[in-house]
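Observations on chain architecture
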Amino acid sequence: MSHTHVAGAIHADVSVSGPGWLRRPTDVNALVDGLWSSGVRRRPDGELEVAGVPVTALAAEVGTPAYVFDEADLRERARGFAEAFAGWRVYYAGKSFLSKDVARWVVEEGLYLDVCTGGELAVALAAGIDPARIGFHGNNKSLAELQAALEAGVGRIIVDSFIEIARLAELAAARGVQAPVLVRVTAGVEAHTHEYIATAHEDQKFGFSIVTGDAMRAVEECLGAPGIDLRGIHSHIGSQIFETAGFEVAVRRTIGLLAAIAERTGQILPELDLGGGFGIAYTTLDDPRPTVELAEHLNAMVEAECRSTGLPRPELSIEPGRAISGPAALMLYEVGTVKPVVLAGGGVRTYVSVDGGMSDNIRTALYAAEYSATVANRASDAAPVLCRVVGKHCESGDIVVRDEFLPGDIAPGDLIAVPGAGAYARSMASNYNHVPRPPVVAVADGRWRTLLRRETVDDLLALDMG
Ligand SMILES: *Cc1c(COP(=O)(O)O)cnc(C)c1O
């Protein structure tokens, strides 16, 4: 992502300038619309609450850092997809965040569930999810994982290589079953953030290329394998996508492929999955489309392509992950130190160190993700200063929020809340520096409970056999 720096927004007397898109807030206590789950508000005493529970009460009981899910909000987002995409199957991408309760919630709201490893499959099965509602992804599923998927009877397995097709066909035939399969194809479009990048789309590890003919060959291999019941094709163009242009190309090419398959083999494959990647707001920079609008667009695109190819409308599915789990949780940290750093060019940047960091949210360090933050335990009258929220790890790249205005009186002991922390934060968490992973709690109707408990040093030492 590239941001243009806007000259003139410099406050050299108190701080350096932030990126051009970041506005100095008129009220540093205000919660920006669209970033927070529906149950988050600032109470009259200035403190944030989630679904009726004040954050200081949560911090006192579960400690910090902690991931705090707003159950009603996550359910609303799941139901919103199910309703907007009526007639489609909506698979929740479990890799964005998965626990047994979250798996049950999304299924209760009418969704299906995607997993992409044996570990995620085990969580889904332990949650009691009907295996027929589970899709199994991954570009390098092991033999054991494929066996586990067949044994459980998952609803579909998305194949990603010729080697895997052969493996799966053999395993299924040996068990005397037919594996329900989608072939993952590369539609030749890689849509990232705000940009639609049409280059380098073929040069990545996922899928069979449509243009080289690999996708057609994979389809033919599947059709020729007695152990495989080929249901259709699958395309996932990327993540954090805001424009529908990428999906338009994907719809055209995948339906074009279905037409070519029908022409060549005489078979009309019934299913088409268009993947996930629907963007969410992490900062004021992001402006996601309402789910209903997205559904209207995708339906219109599919209809147009079916008309022009003469194919019947396929059974459609999508796979949103972050759009369901992301905005439903905030991350709660406690401030440990505050350090104004005088920069060579003049100006000061205030480094606010919190009690977590890249081990509980790697996205900022991994792909320069942008986040927002607010002081959560109180409101403040102090003038806003440009801050960088950093973690406690031994890396200068250990940044949680690169640029955010926080009140100038921010101090040790304050709580900081970071919205949009429900997706790809806990699910990508590590034990770097032997920091135990934080707990995940869920709040609903003024009560909270633990979804995943905090790891302890004893948990870490239990692995050390020395
Ligand atoms: C990651 C992934 C998703 C979900 O992506 P989001 O950005 O979380 O919506 C869906 N489908 C596939 C195949 C994926 O790899």
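Residues numbered from 1 in each chain as written. Predicted model: local features only at pLDDT ≥ 70, side-chain atom pairs only at ≥ 80, totals over all residues. Heavy atoms only, no water.

Looking at an unreviewed UniProt entry, one finds the protein chain named Diaminopimelate decarboxylase, with Naumannella halotolerans as its source organism. Taken directly from UniProt, the Pathway (unreviewed entry) text for the protein chain runs: "Amino-acid biosynthesis; L-lysine biosynthesis via DAP pathway; L-lysine from DL-2,6-diaminopimelate: step 1/1." We quote the UniProt Subunit (unreviewed entry) comment for the protein chain here in full: "Homodimer." (UniProt positions renumbered as here; feature names shortened; annotations may be inferred.)

The next subject is the pattern of salt bridges. A complete count under the given rule lists 28 salt bridges for this structure. Linking Glu-271 and Arg-89 is a salt bridge whose minimum nitrogen-to-oxygen distance equals 3.1 Å. Of this pair, Glu-271 sits in strand E14 (residues 271–273) while Arg-89 sits in strand E5 (residues 89–93), and the two are 182 residues apart along the sequence. A relative accessible area of 6% means that Glu-271 is categorised as buried. Note that Arg-231 and Glu-271 form a salt bridge whose closest N and O atoms lie 3.1 Å from each other. With Arg-231 in strand E13 (residues 228–234) and Glu-271 in strand E14, this residue pair connects regions lying 40 residues apart in the sequence. The network of salt bridges with shared partners includes Glu-71, Arg-75, Arg-79, Asp-101, Arg-104, Glu-108, Glu-109 and Arg-449. (Salt bridge = Lys/Arg side-chain N within 4 Å of Asp/Glu carboxyl O. Helix = DSSP H or I, 4+ residues; strand = E, 2+ residues; numbered from the N terminus. Buried < 20%, exposed > 50% of the residue type's maximum accessible area, 1.4 Å probe, protein only.)

Moving on to a nonpolar patch on the surface. On the surface, Leu-366, Tyr-367 and Met-428 cluster together into a nonpolar patch covering about 280 Å² of accessible area. Within the element layout of this structure, Tyr-367 appears in helix H11 (residues 363–367). For Tyr-367, a relative accessible area of 41% translates into the label partly exposed. (Patch = residues over 30% accessible without salt bridge, like charges linked within 9 Å, V, L, I, M, F, W, Y side chains within 5 Å. Areas by Shrake-Rupley, 256 points an atom, 1.4 Å probe, with all protein chains shown as cover.)

Okay, the domain arrangement of the protein chain next. Splitting the protein chain by domain gives domain 1 (40–63 + 328–462) and domain 2 (71–325). Using C-alpha coordinates to define each centre, domain 1 is positioned 33 Å away from domain 2. On the domain 2 side, the residues contacting the 19 residues of domain 1 number 16 residues. When domain 1 packs against domain 2, close to 1,600 Å² is buried across both sides, 56% of that on carbon and sulfur atoms. Among the residues domain 1 hides against domain 2, the three largest losses belong to Ala-328, Tyr-424 and Leu-451. Together they make up 35% of the total. Our enumeration of links across domain 1 and domain 2 arrives at seven residue pairs in polar contact (both at pLDDT 80 or more). Those elements that place two or more of their residues in the side of domain 1 that touches domain 2 are strand E22 (440–444) and strand E23 (447–452). Sort the elements by how many residues they give to the side of domain 1 that touches domain 2 and E22 lands first, with four residues. Tallied by class, residues from the side of domain 1 that touches domain 2 come to 11 nonpolar, four polar and four charged. (Domains from an automatic or database assignment. Contact = heavy atoms within 4.5 Å. Buried area = accessible area lost by both parts, 1.4 Å probe. Polar contact = N/O pair within 3.5 Å; in protein donor to acceptor, adjacent residues only side chain to side chain. Nonpolar A, V, L, I, M, F, W, Y, C, P; charged D, E, K, R; others polar.)

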